[in-house]
Every structure is written in C-alpha cells, then in structure tokens.
2 protein chains.
Amino acid sequence: MRAKQEVGTRERIVRATSRLMQRHGYEGTGLKDISREAQATLGSVYHFFPGGKVELAVEAIGHGDHEFAGLLRTVLEREDDPAAAMTACARELAAGMRDSDWMDGCPVTTAALESARRFPPVREAAERAFENWHGIVRDKLVRSGFPDDVAGDLAHTVVSTFEGAEMTAQIMRSTTPLDVAGTHLARLVDSYR
Amino acid sequence: MRAKQEVGTRERIVRATSRLMQRHGYEGTGLKDISREAQATLGSVYHFFPGGKVELAVEAIGHGDHEFAGLLRTVLEREDDPAAAMTACARELAAGMRDSDWMDGCPVTTAALESARRFPPVREAAERAFENWHGIVRDKLVRSGFPDDVAGDLAHTVVSTFEGAEMTAQIMRSTTPLDVAGTHLARLVDSYR
C-alpha cells in the first residue's frame, strides 16, 4: 500500500513539473510551485528527486516526450496514408492548443530552450525526445514504402515544422500556422511518391 | 554629446537584454545581469526602462525581430529565385548556430515562450515579429509571381519551419535539421510554380 502510494506521488510530481515548465519554463518554475501543484510536500519532492530542479526537468521532459510520442503514434497508426496522417497530426495539435486557450505548447522546448546550455542533462533529455519523435515519423514513412534516406530527411522536417508551427500558433493565438503546416507537409510527403 | 551618449547606453542595454534572454530566457535574465552585460549602471537601466523587465523584454524582442528581418531581407534580395532563397536562408541560419557553438537560437522565441502567457506586451511583441517575418517572405513570393493566397500560406510554413528547425538544431547540436529544412522548403516552393 505504501509503495503504491509512493509511486502515485512521484508521478504526480513529474506531471506537475511538466505542466508548470510547459507554461513558465525552467527558470519560472520553483520547487515550491511544483510541490503545491502536485499536492505533495516539499520534503517528498526532495525525497524523490534529490538532484533537484535539473533532475525534475529531465523527468518532466521525458514525460512530455512520452506524451507527444503517444499522440504521434496514435494518429500515424489511425491514418494509413502518410500524407493524410500529416494533416491529421496538425489538426490534433491545433485542437490541443485551442482547447488549452493557447497555453499548452510543446512541453519539451519551453523547458529546454533556456536551460539546455547551462544544464547538459536537460539538453540531452530534449535531444532524446526529438530523436524519439523523429524515429516514429521515419518508421511510419518507411512502412509506407519510402526509401530510408528520404524517410529520415522528411521526418526531420515534419518534426521541425510541427514544433515551429505549434510555437507560432501559440504566440499568434491562431491555428492557421498549424493548419497550413499540415497541408504543406502532406504535399511535401506526396511529392516523393 | 550627452544626448548621443545616452542613445548609446540605451541601445547597449537593449542589445544586452536581447543577448541574455536569447540564451537564458525571460526568467533566467535579471536586471543586474543586464546592467553588467551592458556595462551600464543599474540606475541607468531603470532610467531608460521604468517599466522594468517586461519593457526590456519587449524592446529586446523588437531588436531580435529587426535582426532576423534584416537577415531574411538580405538573403531574399540576394537570391532572385525564391526556391534558391530558401536554401540560402537555411545555410545562413545553420552557419550562425554553428558559429555561436549552438548558443544563439531565435532571440524572440526563447524570451517569449515562457513569458507570453503572463505578460501580454511580451506576447504582442513576439506576434509583431512573426507578422513582420511572414510579410517579408510573402512579399518576396508575390514579387516572384505567386498568387497572394499561395504566397501567404507558404510564408507561414517558411517561418514556422525555420523556427522549428533552428530550435531542433540547437538542441541536437547539428545543422542537419536546418540543411534538410532548406531543401524541403525549396521543393515545396517549387511545387507551386
């Protein structure tokens, strides 16, 4: 019973960190904010994460990585056609942004951009996330018959473009950058068939 | 003489803020850091920017907007062919990232992402920057003969993709995402001719 409860608390702390850093970045998120948001004592935050904020950021980025990977996998599996999968992904991201009132952008980049240089483990966690997403998109394209090199290159641009379009949509408070990105990525994918 | 010197100090403070926020974000940049980096007294920082850090961030984002707009205009004017202009832009951005040892990413997004939600003037400054860059790319495409709506949509994806690819390149410490983005944007532009 106790072990189960401890797992619950740890996970709540990771999710709270991810949510807060997604909105306020690394520097804008304090351990007290995390403890409050997770409904956990500050003592338990230190207990589970003796490495402090850097360790929490690494875990939170891992959580964001996992979340976005799940969305990518679900949409790419649902849509057989890889071009249609691009517009479907864009639609999902646009709906998520609008539904969160333009608050919840990419959980990885907001935390990583400003802290990656000072804290190598944070940059490495973000790099693992990008590599994971890249692999998911590349594998879908390879399964759809694209040669490995074409699929690998396309996967870079798919990840970069969704990242950039989500950020632009958040700043502009408009889904247009994501809607247009979906259409153009579909067209780009199609142009290699 | 005095007026001239004051202009110099104000500009030094804006540039220092831009450079620091580009690397450490909004929250990671303190007024004391700005004063030190600008070689200006804390008193002069308050004198020129009575609105404090929010006002400084807005000015710094305006400075970053102007800098990236200058790079875009220079490259787009140098390359007559709009597809070739895409790969040339990507090359410039990649060189800048590598030369700064992966430190200097987009001066607008790093400052804006984590603070846009809490400080509306910061978000608005970032929105003006995106609109400015979008207009520069759209105008180049219209001058190259693309219909207004096609040019407007393409300009969204060009800005989003460069943003995302620059961020990914910074995290991965590799120019590959930018190199590939340039090739794909050129192909996309070409596909509408």
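Fair warning: this is a prediction, and the values are worked out from it, not measured in the lab.

Visitor: What exactly am I supposed to notice about helix α5 (residues 82-99) of chain A here?
Guide: Along an α-helix, residues three or four apart share an orientation, since each turn contains 3.6 residues. Residues and elements named next belong to chain A. End to end, α5 covers 26 Å across 18 residues, agreeing with the expected 26 Å (1.5 Å per residue, within 8%). Every buried residue of α5 is listed here: P82, A83, A85, M86, A88, C89, A90, L93, A94 and M97. Where the residues of α5 are buried, they touch α4 (52-78), α7 (120-143), α8 (148-172) and α9 (176-190). Structurally, the start of α5 carries an N-cap: the backbone nitrogen of A83 is 3.1 Å from a side-chain oxygen of D81. A positive backbone phi angle near 55 degrees is found at D101, which sits one or two residues after α5.

Visitor: Got a minute to help me understand the nonpolar core in this structure?
Guide: Buried together is how nonpolar side chains tend to be arranged in soluble globular proteins. One finds M86(A), W133(A), V137(A), F162(A) and L178(A) to be the most contacted residues of the largest nonpolar core, which totals 52 residues. Every element with two or more residues in this core is listed here: α4, α5, α6 (109-113), α7, α8 and α9 of chain A together with α8 (148-172) of chain B. Beyond its immediate chain neighbours, meaning those up to four positions away, F162(A) contacts M86(A), C89(A), A90(A), L93(A), L178(A) and L185(A). The next biggest cluster of nonpolar side chains, apart from the first, holds 51 residues, and it includes M21(B), A111(B), F162(B) and L178(B).

Visitor: Hey, could you run me through the packing of aromatic side chains in this one?
Guide: In this description, an aromatic ring pair is defined by two values, namely the gap between the centres and the angle between the planes. Tallied over the entire structure, the rule returns six aromatic pairs over all chains. Ring geometry for F130(A) against W133(A): centres 5.4 Å apart, planes inclined by 75 degrees, an arrangement best described as edge-to-face. Taken together, the residues span about one helical turn, with F130(A) and W133(A) both in helix α7 at a distance of three residues. Across the pair, exposure class does not vary: F130(A) and W133(A) are buried alike. Taken together, the ring pairs in this structure connect F68(A), F130(A) and W133(A) into an aromatic cluster. Over the ring of Y26(A) we find K53(A); its NZ or CZ atom is 4.6 Å from the centre of that ring. Sitting over the face of the ring of Y192(B), R187(A) holds its NZ or CZ atom 3.6 Å from the ring centroid.

Visitor: I'm lost on unusual backbone geometry in this one. Help?
Guide: Across residues other than glycine, the phi torsion is negative in most instances, and most of the peptide bonds are trans. All names here are of chain B. Backbone geometry places W102, a non-glycine residue, at a positive phi of 65 degrees. Note that W102 resides in the loop between α5 (82-99) and α6 (109-113). A relative accessible area of 13% means that W102 is categorised as buried. Even without a glycine there, the phi angle at R173 is positive, about 55 degrees.

Visitor: Could you clarify how one ought to interpret the state of the cysteines in this entry?
Guide: Simply put, the disulfide is a covalent bond whose two ends are the sulfur atoms of two cysteines. Residue and element names in this part refer to chain A. Evaluated as defined, the whole model comprises zero disulfides over all chains. Looking at the unpaired C89, the closest cysteine sulfur is the one in C106, lying at 13 Å. Its relative accessible area of 2% is what places C89 among the buried residues.

Visitor: Please clarify how the interface of chain A and chain B should be interpreted in this entry.
Guide: Interfaces are often sized by the accessible area lost when the parts come together. Taken together, the contact between chain A and chain B spans 43 residues of the former and 43 residues of the latter. When residues of chain A are sorted by the area they lose upon contact with chain B, L113(A), R117(A) and I171(A) head the list and together hold 18% of the total. For the pair chain A and chain B, the number of links is zero salt bridges. Joining chain A to chain B, the criterion identifies nine residue pairs in polar contact (both at pLDDT 80 or more). For the side of chain A that touches chain B, the secondary structure elements donating two or more residues are α1 (2-24), α6, α7, α8 and α9 of chain A. Counting residues per element, the side of chain A that touches chain B draws most heavily on α8(A), at 14 residues.

Visitor: Would you mind showing me how to read the relation of the copies chain A and chain B here?
Guide: Two chain copies, one operation linking them: a rotation about an axis together with a shift along it. Its rotation angle being 180 degrees, the transformation that places chain A on chain B also includes 0.0 Å of axial translation and leaves an RMSD of 0.0 Å. Here the two chains are linked by the operation of a two-fold rotation axis. The fraction of interface residues of chain A whose copies in chain B are also interface residues reaches 100%, indicating that both copies meet through the same surface.

Reading the values: rules and limits
Residues numbered from 1 in each chain as written. Chains lettered and ligands numbered in written order. Predicted model: local features only at pLDDT ≥ 70, side-chain atom pairs only at ≥ 80, totals over all residues. Heavy atoms only, no water. Helix = DSSP H or I, 4+ residues; strand = E, 2+ residues; numbered from the N terminus. Expected span 1.5 Å × (residues − 1). Buried < 20%, exposed > 50% of the residue type's maximum accessible area, 1.4 Å probe, protein only. Contact = heavy atoms within 4.5 Å. Polar contact = N/O pair within 3.5 Å; in protein donor to acceptor, adjacent residues only side chain to side chain. Core = buried A, V, L, I, M, F, W, Y, C linked by side-chain atoms within 4.5 Å. Phe/Tyr/Trp six-rings, centres within 6.5 Å; stacked < 30°, edge-to-face > 60°. Lys NZ or Arg CZ within 6 Å of the ring centre and 35° of its normal. Disulfide = S-S within 2.5 Å. Buried area = accessible area lost by both parts, 1.4 Å probe. Salt bridge = Lys/Arg side-chain N within 4 Å of Asp/Glu carboxyl O. Least-squares fit on C-alpha atoms with pLDDT ≥ 70 in both.

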